[in-house]
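Now for the letters of each chain:
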Amino acid sequence: MDPSDQKHFLAVDYVVFALLLAASVGIGLYYALSGGRQRTTQEFLMADRSMRCLPVSLSLIASFQSAVAIIGVPAEIYTHGTQYWFIGCAYILGLLIPAHVFIPLLYRLKLSSAYQYLELRFSKVVRICGTLTFIFQMVIYMGVCVYTPAFALNAATGFQLWGTVLVTGLVCTLYTTLGGLKAVIWTDVFQTLVMFAGQIAVIIVGVERTGGMSEVWRKVKEGNRLSGLDLNPDPTERHTFWTLGVGGVFLMLSLYGVNQAQVQRYLSARTEKEAVRSCYMVFPSLQLALGLSCIMGLVMFARYCGEDFSEKLGSSSRDAMVIYFVMDMLQGLPGLPGLFVACLFSAALSTISSAFNSLATVTMEDLIKPHFPSMSEERATLLSKALAASYGLLCLAMAYLTHLLGDSVLLVALKIFGVVGGPILGLFCLGMFFPWANSIGAVAGLGAGLVGAFWVGIGSIVTRSSGAKRLPPRCHVNTTAVFQTAIGNATSRPTGLHRFYSLSYMWYAGFSCLIVILVGLTVSFLTGPMKEGEATPGTVYPLLGKLLFFLPEHMKKKVCCVTPLRPAIPSPQGPGSDKESNGAARGQHTPSQQQILLPDADSRVIEHETAV
Ligand SMILES: O=C(O)CCCC[C@@H]1SC[C@@H]2NC(=O)N[C@@H]21
Ligand code: NA
């Protein structure tokens, strides 16, 4: 972009941005020097399972609301209209199912890593496969999250790119390594508030500078950016109510149901009720976050009337235009550009820190501890910190890889969740809802799901058939332009493999999840399915039993396996409760060799040794 057009920061803007980084490091330091001073993995990785629902819910939002959404969603609305807003419909089931299916089941197993479930339900091999797939997903996603704010700022303001990436990565590594999950959750709370503040400030100033609400509304209507309910059932249509509202549910479940970063937050809650409540509390905040970024896109459209930015901002104009718009709006309001940059980096830091911490947790719990059961607490904690730091450095490398991907960052992030998160969701669903599934079926299913997802994902990139229909840019749209666009799309209907490659990326999660379940069940039946109730009790969700709730008990017993979920864990007696007595109440032995006491069908108690 030519320097004359570049917007510049005042000293006060840098001060606001520096304050954000300092506050985050301060919170990290506070938790490094208070409480148990992060001396045990229970504290460092699980926040002593002492968290209340408010911080957990804000941290749940922060984990998967990064600069990608802050920049990507307004650009999406600006270019394609408000169809994307229908993803909000996916938040209903996308949070109800985790609250009533995944959380109760996983919380009562008292795990540290979500993938311990896979060993309890299937085998160690399945657990390792799940863990490695998760690590792969989060490392790439982290790279996108570190790169996005730095790149967008560089394109719009000349802010030096790699210096920012380095500072972001190092600050984040520092407070995550110092303060553990407690610091990550509380910095997430602070950063989520900054994120909302920054977006609200831009919207208020933007509306005011574009001539007020009515003017914005008029221009948006004339530019036909308000998309109606598009009920087109064609799965290759990029954004319709079905791809967003239904396909989006699978995307949400892969994140809020089985992703370690979110599961770890549920498990860090004081009680199961707090965990469920935190999941419910995510809904309004997530809708607010979605609404703010969509409205920002509409205000941006009203301001520039869909002008094409490519000549101004170069090739990847979509992602940089939001920063350009923000700098254009906030020019001359000292401190506000700094607030928005702080908002951008808050969104990035809160996601990256959650990713570091969850990666360190699963690496520790799933890949290291099982091989070194006698490792001392302090060594394990030290190793966890070293892991958090090394993942920090790895993500800087991944940031560079993102540089090469070239697609809109929102698309890249959503594709990662679909292509990699979808199969993991399928693996958990196979284990939870299908008692007959066995380990061989699980591994085969996961493999098939990943192959299928990568095939369609890479195929769509190679053949560039993401089917993105750009709306005509002008404010006052003349009908011929719309007509020509319609004609253009009708004639270029893809066929055969090309039709497969043009499957909407919003269906990737659902599509790959289905493959895992179908292949997993088929292979399980071919290799000797597991019997009813043979699986470790408490690891199968009595789906049929819940769906046939209207049948009397004796009928249900005949129809389906009724291994009940484990009884809810009694909530601790008051804040000062002594863990030992509590543990004894639950029949637990020493915390290191935690027994998972699972009631089985005839109420015999099976002691299930796990080195937690
Ligand atoms: O913001 C990101 O880092 C990723 C893009 C959004 C991810 C999904 S979309 C549905 C859900 N709502 C969110 O705010 N994040 C997740
Ligand atoms: Na975030």
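Everything numeric here is computed off the predicted structure, so don't read it as measured data.

A.B. asks: An account of the packing of aromatic side chains is requested, with residue identities and associated values reported.
C.D. replies: Here the structure, examined in full by the defined rule, presents 20 aromatic pairs. Between Phe17 and Phe345, the aromatic rings sit 4.9 Å apart at their centres with planes inclined by 50°, giving tilted as the arrangement. Here Phe345 lies in helix α15 (residues 336-368) and Phe17 lies in helix α1 (residues 11-33), a separation of 328 residues in the sequence. Comparing Phe17 with Phe345, the two get one shared label, buried. Relative to Tyr141, the ring of Phe64 has its centre 5.7 Å away and its plane inclined at 25°; by these criteria the two rings are stacked. A residue pair is termed long-range when its members are at least 10 positions apart, and Phe64 in the loop between α3 (53-63) and α4 (67-80) and Tyr141 in helix α7 (residues 124-157) qualify at 77 residues. Judged on exposure class, the residue Phe64 and its partner Tyr141 are both buried. An aromatic cluster is built from Tyr115, Tyr117, Phe134 and Phe428, whose rings are joined through pairwise contacts.

A.B. asks: Would you mind going over the packing of α3 against helix α8 (residues 161-209) in detail, with residue names and values included?
C.D. replies: Between α3 and α8, whose axes approach to 8 Å, the crossing angle comes to 70°. Judged by the inter-axis angle, α3 sits roughly perpendicular to α8. Where α3 abuts α8, its residues Pro55, Val56, Leu58, Ser59, Ala62 and Ser63 lie against Ile185, Trp186, Asp188, Val189 and Thr192. For the contact of α3 with α8, a count of residues per class yields seven nonpolar, three polar and one charged.

A.B. asks: Mind laying out the nonpolar core, listing which residues take part and the relevant values?
C.D. replies: In terms of nonpolar packing, the biggest core is built from 183 residues, with Tyr256 and Phe340 touching the most fellow members. For this core, the element with the highest residue contribution is helix α17 (residues 409-433), accounting for 18 residues.

A.B. asks: Outline the environment of Val202, supporting the account with residue identities and numerical values.
C.D. replies: Within the secondary structure, Val202 is located in helix α8. Under the relative-accessibility criterion, Val202 is labelled buried at 0%. Val202 sits 97 residues away from Val299 along the chain, and the two C-alpha atoms are 9.4 Å apart. In this structure Val202 touches Met296, Phe325, Val326, Leu330 and Phe340, once residues within four positions along its chain are discounted.

A.B. asks: Summarise the site of ligand 1; cite the residues concerned and give the values.
C.D. replies: Of all residues adjacent to ligand 1, which total 15 residues, the nearest are Phe64, Gln65, Ser66, Tyr91 and Tyr141. Here an oxygen atom of ligand 1 sits 2.5 Å away from a polar atom, N or O, in the side chain of Ser66. Cavity membership is defined here by more than half of the atoms lying within 2 Å of grid points; on that basis ligand 1 lies in the largest cavity. Counting residues per element, the ones that place at least two in the shell around ligand 1 are α4, α10 (241-256) and α17. Partitioning the shell around ligand 1 into residue classes produces 13 nonpolar, two polar and no charged.

A.B. asks: Tell me about α10, residues and numbers included.
C.D. replies: Gly248 marks where α10 bends most, by close to 35°. Among the 16 residues that make up α10, 13 are buried, leaving the element largely enclosed by the rest of the structure.

A.B. asks: Run through the coordination of the sodium ion (ligand 2), naming residues and quoting values.
C.D. replies: Ligation of the sodium ion (ligand 2) by protein atoms is provided by Ala62 (O), Gln65 (O), Ala347 (O), Ser350 (OG), Thr351 (N) and Thr351 (OG1), these donors lying 2.3 to 3.2 Å from the ion. Here the sodium ion (ligand 2) is ringed by six donor atoms whose angles at the metal span 60 to 162°, and the overall shape comes out irregular.

A.B. asks: Describe the side chain of Ser112, and please don't skip the residues or the numbers.
C.D. replies: Its location among the elements puts Ser112 in the loop between α5 (90-108) and α6 (116-121). You can call Ser112 buried: its relative accessible area is 1%. A polar side-chain atom of Ser112 sits 3.2 Å from a polar atom in the side chain of Arg49.

A.B. asks: Explain the confidence of the model for the protein chain to me, and be specific about the residues and the numbers.
C.D. replies: Low pLDDT marks stretches whose predicted atomic positions should not be read closely. Across the protein chain, the average pLDDT comes to 82, with 83% of residues at or above 70. By mean pLDDT, the top-scoring element of the protein chain is helix α21 (residues 508-526) (96), and the lowest-scoring one is strand β1 (residues 595-599) (36). Across residues 477-484 the pLDDT falls below 50, and counting only partners more than four positions away or on other chains, this stretch makes eight contacts in the model. Predicted confidence is poor over residues 574-612, with pLDDT under 50, and the contacts of this stretch with residues over four places away or in other chains come to 62 contacts. In the model output, the complex is listed with pTM 0.85 alongside ipTM 0.96.

A.B. asks: Residue-level account of the packing of helix α11 (residues 260-267) against α15, with values.
C.D. replies: Each pair of packed helices can be summarised by the angle the axes make with each other and by the distance between the axes. It is the contact of α11 with α15, at a shortest axis distance of 9 Å, that shows an interaxial angle of 80°. The orientation of α11 relative to α15 falls into the category roughly perpendicular. On the side of α11, the interface is formed by Gln260, Ala261, Gln264 and Arg265, while α15 contributes Ser354, Asn357, Ser358, Thr361 and Val362. Within the contact of α11 with α15, the residues separate by chemical class into two nonpolar, six polar and one charged.

A.B. asks: Can you break down empty space enclosed by the protein residue by residue, with the values?
C.D. replies: For the structure on display, the rule yields five cavities of 30 Å³ or more. Empty space within the largest cavity amounts to approximately 280 Å³. Around the largest cavity sit 22 residues that line it, and Phe64, Gln65, Ala69, Tyr84 and Tyr91 are the ones nearest its centre. Going through the elements one at a time, α4, α10, α12 (272-304) and α17 are the ones with two or more residues in the lining of the largest cavity. Here the residues of the lining of the largest cavity are counted per class, giving 19 nonpolar, three polar and no charged.

A.B. asks: Provide a residue-level description of the state of the cysteines, including the pertinent values.
C.D. replies: Applying the stated criterion across every chain yields a total of zero disulfides. Cys89 carries a free sulfur, and the closest cysteine sulfur to it, the one in Cys294, is 11 Å from it. What makes Cys89 partly exposed here is its relative accessible area of 32%. Cys513 takes part in no disulfide bond, and the closest cysteine sulfur, belonging to Cys429, lies 4.5 Å away. Since its relative accessible area comes to 3%, Cys513 is described here as buried.

A.B. asks: Describe the pattern of salt bridges, and please don't skip the residues or the numbers.
C.D. replies: Overall, the coordinates contain 15 salt bridges when judged by the stated rule. Ionic pairing is found between Glu272 and Arg108, a salt bridge with its closest N-O pair at 2.7 Å. Of this pair, Glu272 sits in helix α12 while Arg108 sits in helix α5, placing them 164 residues apart in sequence. Look at Glu272 and you get buried, because its relative accessible area is 12%. When salt bridges with common partners are traced through the structure, they connect Glu119, Lys124, Arg127 and Asp366 into a single cluster.

Reading the values: the criteria
- The residue numbers shown here count from 1 along each chain, following its written sequence.
- The order in which chains are written sets their letters, starting at A; the order in which ligands are written sets their numbers, starting at 1.
- The predicted nature of this model means local features are confined to residues of pLDDT at least 70 and side-chain atom pairs, given and counted, to a pLDDT of 80 or more, with totals for whole chains, interfaces and linings taken over all residues.
- Side-chain numbers here rest on the full set of heavy atoms in the structure, without hydrogens or water.
- Only Phe, Tyr and Trp rings take part, Trp by its six-membered ring, and two of them pair if their centres are within 6.5 Å. Stacked means planes under 30 degrees apart, edge-to-face means over 60, and tilted covers everything else.
- Counting from the N terminus, the helices are DSSP H or I runs at least four residues long and the strands are E runs at least two residues long.
- Three exposure classes are used, based on accessible area relative to the maximum for each residue type with a 1.4 Å probe and protein chains only: buried under 20%, partly exposed in between, and exposed over 50%.
- Lines fitted to the C-alpha atoms define the axes, with helices restricted to the stretch that makes contact. Angles between their N-to-C directions range from 0 to 180 degrees.
- Reported orientations rely on four angle classes, namely roughly parallel under 35 degrees, roughly antiparallel over 145, roughly perpendicular from 65 to 115, and oblique for the rest.
- Here, two residues are considered to be in contact whenever any of their heavy atoms come within 4.5 Å of each other.
- Basically, the charged four are Asp, Glu, Lys and Arg, the nonpolar ten are Ala, Val, Leu, Ile, Met, Phe, Trp, Tyr, Cys and Pro, and anything else, Gly included, counts as polar.
- Each nonpolar core is a collection of buried residues, namely Ala, Val, Leu, Ile, Met, Phe, Trp, Tyr and Cys, held together in the definition by side-chain atoms within 4.5 Å.
- A molecule or strand has a residue near it when one of that residue's heavy atoms lies within 4 Å.
- Side-chain atoms alone can form a polar contact between residues adjacent in sequence; in general such a contact is a pair of N or O atoms within 3.5 Å, and within protein one must be able to donate a hydrogen while the other accepts it.
- Cavities and pockets are found on a 1 Å grid laid over the protein atoms alone: a cavity is a set of points where a 1.4 Å probe fits but cannot escape, a pocket is an open set with protein on both sides within 12 Å along at least five of seven lines, and a lining residue has an atom within 4 Å of such a point.
- Any molecule with more than half of its atoms within 2 Å of a cavity's or pocket's grid points is counted as sitting in it.
- Fitting one axis to the seven residues ending at a residue and another to the seven starting there, the bend at that residue is the angle between the two axes.
- The rule for donors is simple: an N, O or S atom within 2.8 Å of the metal counts, and for Na, K and Ca the reach is 3.2 Å. Water is not among the atoms, so a site may look short of donors.
- Angular criteria define each label, namely tetrahedral for four donors with all angles between 85 and 135 degrees, square planar for four and octahedral for six donors with opposite donors over 155 degrees apart and remaining angles between 65 and 115, and irregular for whatever fails these tests.
- One confidence number per residue, pLDDT, is output by the predictor and ranges from 0 to 100.
- Grid points are joined across faces, edges and corners, and a volume is the space filled by probe spheres set on the points.
- To count as a disulfide, a pair of cysteine sulfur atoms needs to be within 2.5 Å.
- For this document, the term salt bridge refers to a Lys or Arg side-chain nitrogen within 4 Å of an Asp or Glu carboxyl oxygen.

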